[in-house]
Amino acid sequence: MSSDVVDHSGLSRRHFLQAAGAAAAVVPNGVPAQPAMRDALPLGAPSAAKTTTERVVRLRVNGADRELTIEPRVTLLDALREVLALTGTKKGCDRGQCGACTVLVDGRRINACLTLAVMHEGSEITTIEGLGTPDALHPMQAAFLSRDAFQCGYCTPGQICSAVALVGELKAQALSAATFEAAPAGAVPRTIAISDAEIRERMSGNVCRCGAYVNIVAAVRAVAEGKA
Amino acid sequence: MNDVDYRRPSSVAEAIRFGAEPGAAYVAGGTNLIDLMKGHVALPTRLVDVNRLPLAAVTMRPEGGIRIGAMVRNSDLANHPIVRERYPLLAQALVAGASPQLRNMATVGGNLLQRTRCHYFYDADIAACNKRSPGSGCAALEGRNRIHAILGASDACVATHPSDMCVALAALRADVVVQGVGGERRIAMARFHRLPGDAPERDTELAPGELITAVELPPSPFAARSHYLKVRDRASYAFALVSVAAALDMRDGSVRDAALALGGVAHKPWRVVAAEEALVGRPLDDATIAAASERALAGARPLRENAFKVELARRAIARALQTAGGAA
Amino acid sequence: MITGQGIDRVDGRLKVTGRAPYAAEFAVPGLVHAVLVTSTVASGRIVRMDISGASAVRGVVAVLTPMNAPRLPQGGKAGVNPPAGRVLSLLQDDLVAYNRQPVAVVVADTLERAAQGARLVRVVYASGTAKLDFAAAKPNAFPPQRANREPTDHARGDVAAAVAQAATSVDVVYTTPVEHHNPMEPHATIAAWEGDKLTLHDATQNVGGVRTTLAKIFGIAPENVTVLDPYVGGGFGCKGSAWSHVALAALAAKAVGRPVKLVLERPQMFGPVGNRPHTEQSLGLAADGAGKLVAVRHATISETSTIEDWVETSSLPARHLYACANVLSSHRILKLDIATPTFTRAPGEASGNFALESAIDELAARAGIDPLELRLRNDAERDESKGRPYSSKSLRECYRVGAERFGWSRRAATPGARRDGRWLVGSGLATATYPANRSPAEALVRLLPDGSVVVASATHDLGTGTYTVMSQVAADALGVPIARIRFELGDSRLPKAPGAGGSQSAASVSPAVHAACKAMQKKVIELAIADPRSFAYRVDPEQLTVVDGWLRLASALPAGGRPIAAAGAGGEPIAAIVARNGGTPLETRAEAAPGAEREQYSMHGFGAVFAEVRVDAALGVVRVPRITAVYAIGTVLNEKLARSQMQGGIVWGMGMALFEESLRDGRDGRIVNANLAEYHVPVNADVAAIDVAFVAESDPHVNPLGVKGIGEIGITGVPAAIANAVYNATGKRIRDLPITLDKLL
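Residues numbered from 1 in each chain as written. Chains lettered and ligands numbered in written order. Predicted model: local features only at pLDDT ≥ 70, side-chain atom pairs only at ≥ 80, totals over all residues. Heavy atoms only, no water.

What follows covers the overall build of chain C. The number of helices and strands found in chain C is 16 helices and 29 strands. Relative to a compact globule of 745 residues, whose C-alpha radius of gyration would be 27 Å, chain C shows 27 Å and is just as compact. Counting across all 745 residues of chain C, residues that qualify as buried make up 67%. Residue pairs at least 24 apart in sequence account for 80% of intrachain contacts in chain C once pairs closer than 6 positions are excluded. For chain C, the exposed surface amounts to about 22,700 Å²; the carbon and sulfur share of it is 51%. (Helix = DSSP H or I, 4+ residues; strand = E, 2+ residues; numbered from the N terminus. Rg over C-alpha atoms; globule rule 2.2 N^0.38 Å. Buried < 20%, exposed > 50% of the residue type's maximum accessible area, 1.4 Å probe, protein only. Contact = heavy atoms within 4.5 Å. Areas by Shrake-Rupley, 256 points an atom, 1.4 Å probe, with all protein chains shown as cover.)

Residue Pro-83 of chain C is bonded to the preceding Pro-82 of chain C through a cis peptide linkage, with omega at 0°. Summarising the element assignment, Pro-83 of chain C is placed in the loop between strand E3 (60-64) and strand E4 (95-96). Each neighbour pair has its own omega, and for Leu-737 of chain C with Pro-738 of chain C the value is -5°, a cis peptide bond. Tracing the sequence through the fold places Pro-738 of chain C in the segment after helix H16 (718-730). Positive phi is not limited to glycine here, since Asp-148 of chain A has a value of about 55°. Notably, Tyr-237 of chain B is not glycine yet its phi reads approximately 55°, a positive angle. Within the fold, Tyr-237 of chain B resides in the loop between strand E9 (226-231) and strand E10 (242-251). Of the residues examined, Tyr-237 of chain B reaches a relative accessible area of 7% and is grouped as buried.

The pLDDT averaged across chain C works out to 96; a share of 98% of its residues lies at or above 70. Taken over the whole predicted complex, pTM reads 0.95, whereas the ipTM for its chain interfaces reads 0.98. (pLDDT = per-residue confidence, 0-100.)

All names here are of chain C. Examined against the element boundaries, Asp-229 turns out to sit in the loop between strand E11 (225-228) and helix H7 (244-256). The buried charged residue Asp-229 lacks any salt bridge partner; its closest oppositely charged side chain belongs to Lys-239, at an N-O distance of 6.8 Å. Dropping the residues within four chain positions of it, Asp-229 is found in contact with Ala-23, Asp-202, Ala-203, Thr-204, Val-207 and Gly-490. (Lys, Arg positive; Asp, Glu negative; His and termini not counted. Salt bridge = Lys/Arg side-chain N within 4 Å of Asp/Glu carboxyl O.)

All names here are of chain B. Within the sequence span of helix H12 (residues 286-296), burial applies to Thr-288, Ile-289, Ala-292, Ser-293 and Ala-296. Taken around the axis of H12, the buried residues stretch over an arc of 135°, which confines them to a single face. Structural note: H12 exposes Asp-286, Ala-287 and Glu-294 on the side pointing more than 90 degrees away from its buried face. Lining the buried residues of H12 we find strand E11 (254-263), strand E12 (270-271), helix H11 (273-279) and helix H13 (308-325). (Arc of directions from axis to C-beta.)

Moving on: the interface of chain B and chain A. Facing the 55 residues of chain B at the interface are 51 residues of chain A. Seen at the junction of chain B and chain A, the total is five salt bridges. Put simply, Arg-73 of chain A and Asp-3 of chain B hold a salt bridge, and the shortest N to O gap is 3.8 Å. Inspection of the region where chain B meets chain A yields 23 residue pairs in polar contact (both at pLDDT 80 or more). (Polar contact = N/O pair within 3.5 Å; in protein donor to acceptor, adjacent residues only side chain to side chain.)

Attention now moves to the packing of aromatic side chains. Throughout the structure, instances matching the rule amount to 12 aromatic pairs over all chains. Judged by centre distance (5.4 Å) and plane angle (90°), the ring pair of Tyr-390 of chain C and Phe-606 of chain C falls under edge-to-face. Of the two residues, Tyr-390 of chain C is situated in the loop between strand E17 (388-389) and helix H10 (395-406) and Phe-606 of chain C in strand E27 (residues 604-616); the sequence distance between them amounts to 216 residues. Phe-606 of chain C carries the same exposure label as Tyr-390 of chain C, and that label is buried. Grouping aromatic residues by their ring pairs yields a cluster made of Tyr-154 of chain A together with Tyr-22, Tyr-231 and Tyr-467 of chain C. One residue, Arg-733 of chain C, lies across the ring of Tyr-727 of chain C, its end atom 4.2 Å from the ring centre. (Phe/Tyr/Trp six-rings, centres within 6.5 Å; stacked < 30°, edge-to-face > 60°. Lys NZ or Arg CZ within 6 Å of the ring centre and 35° of its normal.)

Here it is, written out as structure tokens:
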């Protein structure tokens, strides 16, 4: 009946974008679709088993050695959340575009969603749970708490892990785009002064939709300057 | 993401052997490959983890210049004392990209190979993408193409290369050193990335299975006067609408040597040698800069939504050159 | 009194240590993973689905499609009751109404296998040309039944006649883009059945609504549905409705006989869970020679889906915000093959305020009157659209304080006059406003033998600070140290509260909490005075009070102060009263509801927003180095949290002004930037100084505690203040959001 059949089966190469001017088909109210015998699968019937790529992966997380039996495609993020039940690290976008999954690997901040667990055997992985506990807060956690540097709290573990690494990076005089902006044009920045601009830029890999940025900067700056 | 085999070679030779197997892909930082695998844009069946290969050094070359191992992380490269001192353009370009977390993960080799951020390429549910599916068409040509190319594009593909680092490497006349089953070869940065032409499925001149092992930079006269300008829709953590790598070697008020490359405008970092030549031997004034812009943007073909990029690029070139020259 | 003080969030320790559990993080035994498959066409029918590839993936236990999904009562439409119960896509028919509509669910033992299976589902559609062109559909725009709770149109006086005689007028069209909420936490549901009892862990801002809707969808009693969500990772309106995936998770759980966890992938948050629709707003303002408004005309056209009528109520603020005898305000909607829009932070107010406040600025420019002065001259002392006084309105004070803090007097009146190197500098101003909504709510208080207190209501904390401010209210109302209070929320079994929308939670729940605590205080006193073992035996109840968790004689307290010492001053810990009650916890409940005052007064929060912008003269890049915003929102329950909430709303306003736009492909209706790399919410570097202040305001009508909601007023006024500042800096008037640099080149 249709004027154009759109095939996403991958079985044909028909171009799915409609030519302009094609007559609009009148679409009747949706009717319950009849099951096609070929397409229906008895629910609950498991598929035929295939060779598994699962392997033993040894991770060191928050100072503890953990052994996981997982497929190589399991990301570090999903290994933490789904396998190790360390749900403090959050999945915001799963594509490295928000920073909610930020953890520390050998002291460096990374996005756990874009790396595989198996790639980090031998590394020291620190998650938010490893930084502090409700009764023994890490100074950065305490600073976030006192300055109200969060609202819904979902991006917060990533923010805090990121901020902890940031303090180390500043001490090591690592560059940021803000450093170049503050330096005379064409010159090589020699020293890096802690400033709101530096902290904003260095925390820009952690999106906060609640918009707690002003307080985040205040908390991070206080810790970076030793005034927490 | 599809299921994959995983191997972790301990030598370059072993890596290349694994890389020659069907369906194999090298994984370094993973910031692009794993992203694309999740989107079912990249579909390897075997991953070859090259992170622990001894390719992470930055060394001075006896003939001058530096050799950067392919596994050097973007953040480490930007912060390396030699790079900060002698190639600040590269450092500035690096820290303009992505986020601190991604820069800690991303490698030089991976950054060279990162794929376009074209909306239609990135979404594997879009059928018409010649880069993903040769012959299927280009949905961006008549679609939402504000972020797409104004230079060097074809009717088969209007995608841009999203890297900042590559624009600086192009300006700095880098060479890419690669190794495959056939041995080692060098590919000049100017040639490494391709124009889309009628085969946009091939981003680079890399042959299947070849592994990038290093990037080499010649000695640079540009350390004192360089600037990477990135113009984007928000202040950070965003790809360039237009970017400019500009560097100058000035003597007695005129340009002795110049480097100029654009990002965000084409399928490859856009370095037009004729634009650099338009600067050489002249004072850095508005007329000189305009002449350079003219050549850099020669042949610009805007799409329905990105005509602004032509004027933006013109102004960004002027701003970058003025800043590099010390005037802005 | 602890209410008002800027104490730390009581849930803060859990949040900063990653120990606050969000919906997807509950360990439900035997759980399997579900991944949604969504459509790739904007309209049509599903002709065929090939699920063989998906089903063959190791670990996949089910692939639900319209062909095989269990049938739901009324074809899945039993819960439809817009806007509370949305029209959902529940695999009950073959209809496709928008791109990214749910069309299948793949269930597997691991997330990776479910995701892989989802990619392998092959769908064949029958599809004609989709209706996606707003301009082409405008001739068919029609009036909706209502504009949210208000009449669709409002007319008073004679606008045409007034315009004809006006000294100055402007007549302009403003447009706002499609926007998506993008809370940091993706929508997530864990559904588990036990017999015909359903338990959901769901990322929602409306546990009660989810319960009601799911009960209807499945044809079961509401008592059989339990919805739990103690921590929500942001909502902003998109978690205010039970969307398709919630019921699909439950459907899948029923089909496979195991608990199912379904988490939306970020691209799936651009379609199935609502958005702010595109609006086209026609604004006409006219003023007399003294700058007093003689006519206000605000006509909004917004888009909706083919399956549900949704209205972005942008024309509402114009009805009352300024004094004017002649007003025309209208809403029309048009139907496209797009996803149904939904409440998006300050729905109507955010988009409409941009247009109205920009038009006021244009009128001021044309009349040669300072924009602040123009607003002062037209400040409305009553709500002329309803013929009622405001319950409170301290807007003039907001303008005054804001102007001073910001330094409004240093603004250059001539556009383009201020320059700092490459930067053009400008200032702009706008009025902020949002209704002070309130609904009935209930709370319970339970005093435990150890002296701790549980206070509970089925309300929500999405970062809004509910846990904290309700604890503060309870502590004061009960007379107990806040450390002993444990506030519970996010559980549909708790006493009823409205969904967290319309900025109404604090305003609705705090009176119920207050009342329940007062009732508990009364109960404690009554028990004590009847108990010979109590120091208060036979004491006149009027002489007794509870302070610091102790029952005391009021006369034993220093005037206005706290008791000096526990022992010897007469008194006993209230825990003692529980202990003597056989150790059984004491419980009280109370309900609070708005009354006739809602019809007698017009209730709104107000504010004044001032923005400074810098525009790169050559490149068009816009930066906002500072915003000053002053609000009058009644009682401030927690100084620190309130400031955070306002800053957050202001950041949303910046996003709306400068960055956010969902790009829809005109051919297939798909949002092509359905990810956080290309949909630009503000990042840290975009935000500089935000100065927030509150003016003291006491409103005896809005509710017993004088509380107005503040969750949404923060976004209002900001886009216009920035757009007006851009005009002041550059002389360019941008009437289409977002203000991206290409519009300024």
